[in-house]
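Descriptive analysis of the structure
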Amino acid sequence: MDAFYAAIEQRDNPALRGLPVIVGSPPDKRGVVCTCSYEARRYGVRSAMPSRTAYARCPEAVFIRPRMDHYAAVSRQLMDIFREVTPKLEKLSIDEAFLDVSDRVKPDTVIRRPAQWLKDKIQKELGLTASIGVAPNKFLAKLASDLDKPDGLTITPWEPDAITAFLAPFPVTKIWGVGKVTAQRLKDANLSTIGDIQHMGETYLQRLFSKTFADHLWNLAHGVDPRRVETEHEEKSISNEETFAMDCADPRETREILMYLVRKVGSRLRAAQKTAATIYIKVRFSDFRTITRQRSFDTPVCQDAELAKPAGTLFDALPMEEPVRLIGFGASGLMDVNETTRQPDLFTPTAAKTARRSLPDPLRDAVNELRNKFGQGIISKGMPANQRSVTSGNVKREA
């Protein structure tokens, strides 16, 4: 979908149409941009950017607190429309999915019909625009969906030689996993376009990177992506990730984004009436090296404080010696809340903790209601005095 949250706000309030709209924390508070309209993007505003930086770049922007429950409701309508095309659907996020239509259409001009039908239906029923990429695999479909935003429809070639020619002119940054640092290493080796990689042997790439990453580059540069659309119906885990537009060298800023992701996952757990037996963090560094750390609990959890403390402990134990490209947080081992709290043995400390969590907690419920209504950044815990006035990039954040 095109600027999903901002597009919904512009749809619901016609006075916002044509204006730079930023959905996220207000510029006078600590917090980040969730998303922004295309009018705001022209000023260099992007998601995950500190709101104060966004305001500095676009002071005339209209800042709106996110309405996550409303966006989720629109997302459910959207996924229902997707399923009218095919039940083979892999939901990537609240506004993005892969649809496998390989058993319904052929790779010729006829393939445009279901894609155009889908765009028209979304526009008619939801009043929103979508950009669609049609291709023989996930990598090419995702790349194609970004080529003609907003309101685009791009169909890639199907034959291997034509795919190779199609990809050749694109910069190497179009390949999944090629960020600023990796792009510079490729540029230093005189590899600036995907075509440059195509003309190099795999052995040469392995001199620059690990064999695994070299194979990754080689395959995607030739449009080879064997991954299938995964149509798992039961959610096995809940997670959120944030990829920095520029690799982040400040561990405090990275940790702050991690805590934001923790609150998002916690909100999703509670909305789904789930608890998690395991939490994990994922960090991807500038060289694409990725590490994960996890912790399991005797008693499954779902509250922000129960998630945030072990997540912070896992993060603080990591060797943060390189810039970070991506930070993620997830919860797995999901159980229904009712199953978690059934017949606790009050003589064990962990079971007593579970029983306490099932009791009413007006403060906790009020905080959760505020976050669900106005977004995760509306309220958060204060910092210890010795951690205040943290300077990060161009932003000085006050506790």
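**Things to note about the pattern of salt bridges**
A complete count under the given rule lists 18 salt bridges for this structure. Residues D151 and K119 are paired through a salt bridge, measuring 2.7 Å at the closest nitrogen-oxygen approach. Remark: K119 occurs in helix 5 (residues 112-126) and D151 occurs in the loop between helix 6 (138-145) and strand 7 (153-155); sequence separation between them is 32 residues. In this structure, the salt-bridge partner of R227 is D225, at a minimum N-O distance of 2.8 Å. For R227, a relative accessible area of 41% translates into the label partly exposed.

**So, the sheet that holds strand 8 (residues 237-248)**
Taking strand neighbours across the sheet as the criterion, the four strands line up as 8-11-9-10 in an open arrangement whose pairing is antiparallel. Strands at the two margins of the open sheet, each flanked by one partner only, are strand 8 and strand 10 (290-301). Each adjacent strand pair in this sheet contributes to an overall mean axis angle of 10°, direction not counted. As paired elements, strand 9 (residues 274-285) and strand 11 (residues 324-336) share 11 bridges and run antiparallel to each other. Paired with V283 across the two strands is I327, which belongs to strand 11. Its contacts with the sheet put helix 12 (residues 251-271) on strand 8, strand 9, strand 10 and strand 11, and the angle it makes with strand 8 is roughly 155°.

**As for the packing of aromatic side chains**
For the structure on display, the rule yields six aromatic pairs. With centroids separated by 6.4 Å and ring planes inclined at 50°, the aromatic side chains of Y55 and F63 adopt a geometry described as tilted. Looking at Y55, the relative accessible area reads 40%, which means it is partly exposed. Judged by centre distance (5.2 Å) and plane angle (80°), the rings of F209 and F213 are edge-to-face. For the pair F209 and F213, a shared accessibility class is recorded, and that class is buried. Chaining the aromatic ring pairs together yields one cluster made of F4, Y5 and Y71.

**A closer look at the sheet that holds strand 2 (residues 33-36)**
Taken in spatial order, the three strands line up as 2-1-3 in an open sheet, and their pairing is mixed. Since the sheet does not close on itself, it has two edges, and those belong to strand 2 and strand 3 (62-64), each with one partner. On average, each strand axis in the sheet is inclined to that of its neighbour by 25°, with strand direction left out of account. Of the strand pairs in this sheet, strand 1 (residues 21-24) and strand 3 are connected by three bridges, and their pairing is parallel. Within the sheet, the bridge partner assigned to V21 lies in strand 3 and is V62. Where helix 1 (residues 4-12) meets the sheet, it contacts strand 1, strand 2 and strand 3, and its direction lies at approximately 120° from that of strand 1.

**Observations regarding the nonpolar core**
Within the largest apolar cluster, 62 residues are counted, with the highest numbers of intra-cluster contacts made by I122, L128, L269 and F329. Here the element with the most residues in this core is helix 12; it accounts for eight residues. Sequence-distant contacts of F329, that is, excluding residues within four places in its chain, are made with I238, S239, N240, L258, L261, V262, V265, I279, Y280, I281, L307 and A311. In this structure, A135, L143, L191 and F213 belong to the second largest nonpolar core, which totals 26 residues.

Calculation criteria
Residues numbered from 1 in each chain as written. Predicted model: local features only at pLDDT ≥ 70, side-chain atom pairs only at ≥ 80, totals over all residues. Heavy atoms only, no water. Salt bridge = Lys/Arg side-chain N within 4 Å of Asp/Glu carboxyl O. Helix = DSSP H or I, 4+ residues; strand = E, 2+ residues; numbered from the N terminus. Buried < 20%, exposed > 50% of the residue type's maximum accessible area, 1.4 Å probe, protein only. Pairing = 2+ DSSP bridges. Axes fitted to C-alpha atoms, helices over the stretch in contact; angles between N-to-C directions. Contact = heavy atoms within 4.5 Å. Phe/Tyr/Trp six-rings, centres within 6.5 Å; stacked < 30°, edge-to-face > 60°. Core = buried A, V, L, I, M, F, W, Y, C linked by side-chain atoms within 4.5 Å.

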